Amino acid sequence: MIYDAILVVSFGGPESKEEVIPFLENVLRRRNVPRERMLAVAEHYYHFEGGSPINQQTRELIVALDAELDRHGPRLPIYWGNRNWHPLLADTLRKMKQDGIKRALGFVTSAYSSFSGCRQYREDIARARVEVGAGAPEVDKLRAFFNHPGFVDATVERMREALHEVPGNARGNVQIVYTAHSIPVSMANTSDYVTQLEEVRRLVSAALGHRNDALVYQSRSGAPGQPWLEPDVLDYLRQVKAGNLASPVVLAPIGFISDHLEVVYDLDVEARRLCDSLGLPMTRAKTVGVHPKFVSMIRELILERMNPGAERRALGSLGARGDVCGEECCLGPRSASSGQSRN
């Protein structure tokens, strides 16, 4: 298959106080979320002067990927479009059309399969193409990469860095608490999201030779009465302290590829505040970000899609994810809130 561009697709986020409410209104349009809840989330942004780190981190990833492609090929222009805030997908596809781009490979900044992490992005791309109209570039999404060696190995190295920060006399009783974005249980039931997270947890802990670990969830944003994936990270940290399950903990946000708002607020602010109050020492591992192995992985995904006979690398027992999702994959239940609302 011949491609003439790369499209990086992310969630998007505000970069000033003035953008916070319009951004959240855009994210939550057509969703039954009380305004009080939206205003509560807005306070998380105001804690950081209204700016989410996600846009800048996406820029940094694009710079790193551009340098990787410049060094090793294929030399393709990189465009950037967000689902929920500027630069919006439709505007980017319109620019690509003007530039004569016909077919692009889409790299979505989500490692896992779920409605919010896969299908919704594909639907948003399709909707943007309709908005642009005739001549809009075709976009083929790259496969989910949760078990690709580039993602797993970069995660392992980030974990080693975090474990090294734990005082030597406490490392024998440290627990790794892996975190991922919670989603409605009904939505989790239509995807392999939990299975994939458990696989990454297993692969990373095995590489580290570490057995004391747990998988928990964070950043719930749905109605109180709706079942979401649990345990919540804050509830679990209380259990660690009450049950004396570990002396220190290392929080590892494996569900995210960058240190955006949900990581820096929910973990660096809320979880740390709780751990301090409990007297539970806490270290937080970095996400893969622009780790060289992760950036190299993106190039590898591009090459394997351009060359169908290329090796499709994957660790563990689940194998490489297919390029094209089935019709029943990662459905979004009508009764479920559509996942992530903050980045």
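Please refer to the structure placed before this passage.
So, a few notes on the structure that sits alongside this text. Counting restarts for each chain, with residues numbered from 1 along the sequence as it is written. The predicted nature of this model means local features are confined to residues of pLDDT at least 70 and side-chain atom pairs, given and counted, to a pLDDT of 80 or more, with totals for whole chains, interfaces and linings taken over all residues. The side-chain quantities take in all heavy atoms of the structure and omit both hydrogens and water.

**Concerning unusual backbone geometry**
Across residues other than glycine, the phi torsion is negative in most instances, and most of the peptide bonds are trans. Residue Pro 74 is bonded to the preceding Gly 73 through a cis peptide linkage, with omega at 0°. Counting from the N terminus, the helices are DSSP H or I runs at least four residues long and the strands are E runs at least two residues long. Structurally, the position occupied by Pro 74 is in the loop between helix 3 (54-72) and strand 2 (78-82). Its identity as a non-glycine residue notwithstanding, Glu 49 has a phi of 60°, on the positive side. Looking at the element boundaries, Glu 49 is found in the loop between helix 2 (35-46) and helix 3. For each residue, the accessible area found with a 1.4 Å probe, counting protein chains only, is set against the maximum for its type, and the residue is called buried under 20%, exposed over 50%, and partly exposed in between. Residue classification places Glu 49 among the exposed positions, given a relative accessible area of 55%. Even without being a glycine, Ser 219 presents a positive backbone phi close to 65°. In this fold, Ser 219 is placed in the loop between strand 6 (213-218) and helix 9 (233-243). Residue Ser 219 is classed as buried on the basis of its relative accessible area of 6%.

**Let's talk about the nonpolar core**
Considering soluble globular proteins, one finds that nonpolar side chains tend to be buried as a cluster. Ranked by size, the top nonpolar core spans 56 residues in total, and within it Tyr 112, Phe 145, Phe 151, Met 159 and Phe 294 carry the most contacts. Broken down by element, the residue count for this core peaks at 7 residues, all from helix 6 (residues 149-165). The contact criterion used is simple: two residues touch if any of their non-hydrogen atoms lie within 4.5 Å. Once you skip the residues sitting within four places of it in the chain, Met 159 turns out to touch Ile 176, Val 204, Leu 208, Val 250, Ala 252 and Ala 285. With 33 residues, the next largest nonpolar core counts Met 38, Ile 101, Val 108 and Ala 128 among its residues. What we call a nonpolar core is a set of buried Ala, Val, Leu, Ile, Met, Phe, Trp, Tyr and Cys residues that are connected through their side-chain atoms within 4.5 Å.

**A look at the pairing of strand 5 (residues 175-181)**
The buried fraction of strand 5 amounts to 7 of the 7 residues, a majority that puts the element mostly inside the structure. In strand 5, alternate side chains face the same way, and those of Gln 175, Val 177, Thr 179 and His 181 on one face and Ile 176, Tyr 178 and Ala 180 on the other are all buried. Should DSSP find at least two bridges between two strands, the strands are taken to pair. With 4 bridges joining them, strand 5 and strand 7 (residues 249-252) adopt parallel strand pairing. Bridge pairing links Val 177 to Leu 251 in strand 7. Relative to strand 6, strand 5 is paired through 6 bridges, and the arrangement is parallel. Pairing of Thr 179 across the sheet is with Val 216, part of strand 6.

**Things to note about helix 4 (residues 89-98)**
Those residues of helix 4 that fall on the buried side of the exposure criterion are Leu 89, Ala 90, Thr 92, Leu 93 and Met 96. End-on view of helix 4: buried residues confined to an arc of 160°, all on one side of the axis. Looking at the buried residues of helix 4, the elements they touch are strand 1 (5-10), strand 2, strand 3 (103-108), helix 5 (115-132) and strand 4 (138-141). With its phi angle positive at about 85°, Gly 100 sits one or two positions after the end of helix 4. Working definition: the arc comes from the directions between the helix axis and the C-beta atoms, pointing outward to the latter.

**Focus: the pattern of salt bridges**
For side chains bearing opposite charge, pairing can occur when the charged atoms are close. Salt bridge criterion: a side-chain nitrogen from Lys or Arg within 4 Å of a carboxyl oxygen from Asp or Glu. The final tally for this structure, using the stated rule, is 27 salt bridges. Its salt-bridge partner being Asp 235, residue Arg 238 comes within 3.1 Å of it at the nearest N-O pair. One end of the pair, Arg 238, and the other, Asp 235, are both in helix 9, 3 residues apart, so they sit about a helical turn from each other. Assessed through its relative accessible area of 41%, Asp 235 is described here as partly exposed. With its nearest N and O atoms 3.7 Å apart, the salt bridge here joins Arg 305 to Asp 323. Pair noted here: Arg 305 is in helix 11 (residues 292-306) and Asp 323 is in the segment after helix 11, with a separation of 18 residues, a long-range link. Taken together, the shared-partner salt bridges connect Arg 143, Glu 304, Arg 305, Arg 312 and Asp 323 into one network.

**Remarks on the packing of aromatic side chains**
Classification of ring pairs uses Phe, Tyr and Trp, with its six-membered ring standing for Trp, and accepts pairs whose centres are within 6.5 Å; under 30 degrees between planes counts as stacked, over 60 as edge-to-face, and the remaining range as tilted. With the rule as written, the count across this model stands at 11 aromatic pairs. Ring geometry for Tyr 112 and Phe 146: centres 6.2 Å apart, planes at 20°, overall stacked. Of this pair, Tyr 112 sits in the loop between strand 3 and helix 5 while Phe 146 sits in the loop between strand 4 and helix 6, and the two are 34 residues apart along the sequence. Look at Phe 146 and you get buried, because its relative accessible area is 2%. Their ring planes at 85° and their centres at 6.3 Å tell us that Tyr 112 and Phe 151 sit as a pair that is edge-to-face. Taken together, the positions of Tyr 112 in the loop between strand 3 and helix 5 and Phe 151 in helix 6 put the pair 39 residues apart, joining distant regions of the chain. Taken individually, Tyr 112 and Phe 151 each receive the classification buried, so the pair is uniform in this respect. Ring-pair connections join several aromatic residues into one group, and the members of that group are Phe 107, Tyr 112, Phe 145, Phe 146, Phe 151, Tyr 193 and Phe 294.

**Here we look at the sheet that holds strand 6**
Read from one edge of the open sheet, 4 strands run 6-5-7-8, paired in parallel fashion. Since the sheet does not close on itself, it has two edges, and those belong to strand 6 and strand 8 (282-284), each with one partner. Sheet twist, expressed as the average angle between the axes of neighbouring strands with direction ignored, equals 25°. Sheet topology places strand 7 next to strand 8; 3 bridges connect them, and they run parallel. Looking across to strand 8, one finds that Val 250 is bridged to Thr 283. Under this scheme, a helix contributes an axis fitted over its contacting stretch, all axes are lines through C-alpha atoms, and angles between N-to-C directions fall in the 0 to 180 degree range. Its contacts with the sheet put helix 8 (residues 193-208) on strand 5 and strand 6, and the angle it makes with strand 6 is roughly 140°. Its contacts with the sheet put helix 10 (residues 261-278) on strand 5, strand 6, strand 7 and strand 8, and the angle it makes with strand 8 is roughly 175°.

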